[in-house]
Amino acid sequence: MVLPERLARFNRVVTNRVTKPFADKLPGFGVVVHRGRKSGREFRTPLNIFRTDDGFVVALTYGPDADWVRNVRAAGEAEVLTRGRKYRVRDPKLVHDESRRPMPPGVRQFLGLVGVTDFLVLKRE
């Protein structure tokens, strides 16, 4: 189970607008800058994002078919803004992991409650 589309719509309209000003400054948050597959327009999507040894990982709480995921995968690259820094990322890889190993322990437990098992791994350039 991933979070419902209705909640995704609410987050796009309300929550994302509220969190964008600080999402790139707080631990566990970030903004993924990507281009639309069809429009070529730049989008900035605030997310919960976590560092790995060689990049970042994002829990796909709305599933692997979310527009931002499809855009990043199609382009093969994006930018991540987090903790006041900008990173180029590449090679987006979908990972299905029911143990939720890529996530920090507290986050792993929460994701288990909502049934999230898909992640996007991004390599830093």
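Check the entry above for the structure.
Small disclaimer: the values here were computed from a predicted structure and weren't measured. (Residues numbered from 1 in each chain as written. Predicted model: local features only at pLDDT ≥ 70, side-chain atom pairs only at ≥ 80, totals over all residues. Heavy atoms only, no water.)

Q: Is there a simple way to explain the overall build of the chain in this structure?
A: Secondary structure assignment for the chain yields three helices and six strands. Element order for the chain, N to C, with α for helix and β for strand: α-β-β-β-α-β-β-α-β. Burial statistics for the chain: of 125 residues in total, 40% are counted as buried. Counted over contacts in the chain with a minimum sequence separation of 6, partners at least 24 positions apart contribute 58%. In the structure as shown, the chain presents an accessible area of about 7,500 Å², 52% of it carried by carbon and sulfur atoms. (Helix = DSSP H or I, 4+ residues; strand = E, 2+ residues; numbered from the N terminus. Buried < 20%, exposed > 50% of the residue type's maximum accessible area, 1.4 Å probe, protein only. Contact = heavy atoms within 4.5 Å. Areas by Shrake-Rupley, 256 points an atom, 1.4 Å probe, with all protein chains shown as cover.)

Q: I would appreciate a short explanation of unusual backbone geometry in the present structure.
A: Residues apart from glycine generally show negative phi values, whereas peptide bonds are mostly found in trans. With a phi angle near 50°, Arg83 is a residue other than glycine that sits in the positive phi range. Along the polypeptide, Arg83 turns up in the loop between strand S4 (77–82) and strand S5 (85–96). The phi angle at Asp91 is positive, at roughly 50°, despite the residue not being glycine. Within the fold, Asp91 resides in strand S5.

Q: Where do I start with the pattern of salt bridges in this structure?
A: Two side chains bearing opposite charge may form a pair once their charged atoms approach each other closely. This structure, assessed with the given rule, holds nine salt bridges. For Arg37, the salt bridge is made with Asp67, and the minimal N-O distance between the two is 4.0 Å. Here Asp67 lies in helix H2 (residues 67–75) and Arg37 lies in the loop between strand S1 (29–35) and strand S2 (42–52), a separation of 30 residues in the sequence. Asp67 gets classed as partly exposed once you look at its relative accessible area, which sits at 49%. Each member of the salt-bridge network shares a partner with another, and the members are Arg35, Glu42 and Arg44. (Salt bridge = Lys/Arg side-chain N within 4 Å of Asp/Glu carboxyl O.)

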